[in-house]
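Structural overview for review
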Amino acid sequence: MHGNSSHLLTGILLFLWGMPLLMADIVVRFPTENTALLDNRPQDFYMYVDRNFEGKKSQPWEAGAYGFTRTLVRTQAGPVAVKFHEGIDIKPLRRDASGMPQDDVHPVAGGTVVHASTNPAHSNYGRYVVIEHQLKDGPLYSLYAHLASVSCKRGDRVGTGNVIGKLGYSGVGLNKTRAHVHLELCLKLQDDFENWYSSLKLGTPNRHGSYNGLNLAGFDPAPVLLQCRDGAEFSLSRHISSLPVQYVVRVPSSGKPPSLVKRYPFLLKPGSATPQSWEISFTGEGVPVSVAPSSQPCTEPVVIRAVPHPFSQLYRTCNRVSGSSKDPKLTAAGKRYIRLIFMGPES
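Summarised in this report is the structure supplied together with it. (Residues numbered from 1 in each chain as written. Predicted model: local features only at pLDDT ≥ 70, side-chain atom pairs only at ≥ 80, totals over all residues. Heavy atoms only, no water.)

1. Some remarks on the environment of Pro-275
Defined as follows: The helix count covers DSSP runs of H or I at least four residues long, the strand count covers runs of E at least two residues long, and both are numbered beginning at the N terminus. Contacts are assigned to residue pairs that have any heavy atoms within 4.5 Å of one another.
Assignment of secondary structure puts Pro-275 in the loop between helix 6 (259–263) and strand 16 (277–282). Excluding residues within four positions of it along the chain, Pro-275 makes contact with Ser-253, Pro-293 and Ser-294.

2. Quick look at the sheet that holds strand 12 (residues 165–166)
Put simply, the test is: When DSSP locates at least two bridges between a pair of strands, those strands are taken to pair.
The strand order 6-12-10 describes an open sheet built from three strands, whose pairing is antiparallel. The open sheet has two edge strands, strand 6 (104–105) and strand 10 (149–150), and neither has a second partner. Pairing between strand 6 and strand 12: two bridges, direction antiparallel. In the sheet register, Asp-104 faces strand 12, and the bridge partner there is Lys-166.

3. Some words on the pairing of strand 17 (residues 288–294)
Inclusion rule: Only protein chains enter the accessibility calculation, which uses a 1.4 Å probe. A residue is then buried if its area is under 20% of the maximum for its type, exposed if over 50%, and partly exposed in between.
When you tally the buried positions in strand 17, you get seven out of seven residues, the bulk of the element. Relative to strand 17, strand 16 runs antiparallel, the two sharing six bridges. Bridge assignment links Ile-280 to a residue of strand 17, and that residue is Val-291. Taken together, strand 16 and the strand that follows it, strand 17, pair antiparallel across an intervening segment of five residues, in which Gly-286 is found at a positive phi of about 100°.

4. Side note on the packing of aromatic side chains
Defined as follows: By convention, a stacked pair of Phe, Tyr or Trp rings (six-membered ring in the case of Trp) has centres within 6.5 Å and planes under 30 degrees apart, an edge-to-face pair has planes over 60 apart, and any other such pair is tilted. By definition, being over a ring means that NZ of Lys or CZ of Arg is both within 6 Å of the ring centre and within 35 degrees of the ring normal.
Going through the model one piece at a time under the given rule, you end up with 14 aromatic pairs. Between Phe-45 and Tyr-46, the aromatic rings sit 5.1 Å apart at their centres with planes inclined by 80°, giving edge-to-face as the arrangement. The pair Phe-45 / Tyr-46 is uniform in exposure class, with both members buried. Just above the ring of Tyr-337 sits the side chain of Arg-320; from NZ or CZ to the centre is 3.6 Å.

Rendered as structure tokens:
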């Protein structure tokens, strides 16, 4: 299906789903007073991580940025950071005499608080807040983690002038020296997250509903903050469509696209009018960039394309794809991720 027919398919799907009209684009602001990124001072913006690689200690600020910035391993291509950091860690600007951070945390834009976790023991995020921002392209979610305190509750309507919490160091592996606010900008993958989570049989309850971090696919907030520096509006569809694709997975069709497309209709691309499968393109971090109907049948999810790297695909796919670009395969983690998006049964 091409041209106008693809738009017709999108229109039909939205009509059947009863998609409501959404609001306009937004301007994304910094969540604290620290705007050093605007002055090209990333070392004063990102909180460093203590690193010890092959006996050499360092405190790279780069590890506070988004992406594959942590846990160095040596490969034939040299040292490679392989652990994915889901957001950005923003340094405090103000501390009291004892070194406790004093920075207030604000929403990056107006929205509704959909989750406020006040018990630091309930998540690696510590105390964290999730805000839903209704854009014309679908909902954007901002997440603020490691808070010292939370001063909002679910259902609150908030704007950039409101304080939602204090910057802190609640959560796993932090201390007062490395206090920061961890910021994520995300797409929500699944409404029925609890069904998928229960199927994992992890033995620990999900205390966060659909706003568990496993259900939020985050992209880098830094370029968004820089883009909006002069009041420019942020377009979710344009930004997601610009993200680099690392791999493509073909998934058997059950007759309808994943609910992800209902939430983010711009993801749906032209393709077969009677799809035998769906081809989902992902960034290495797992952000879905597009969903295309395909006439190619398949019996199980399979990787049909992956961008070459001089090391294993594992290192650039959050361990969801293994092998090389010539023979990429979904790992157990990759299969679980696809099941999350399509809500297939756990095997």
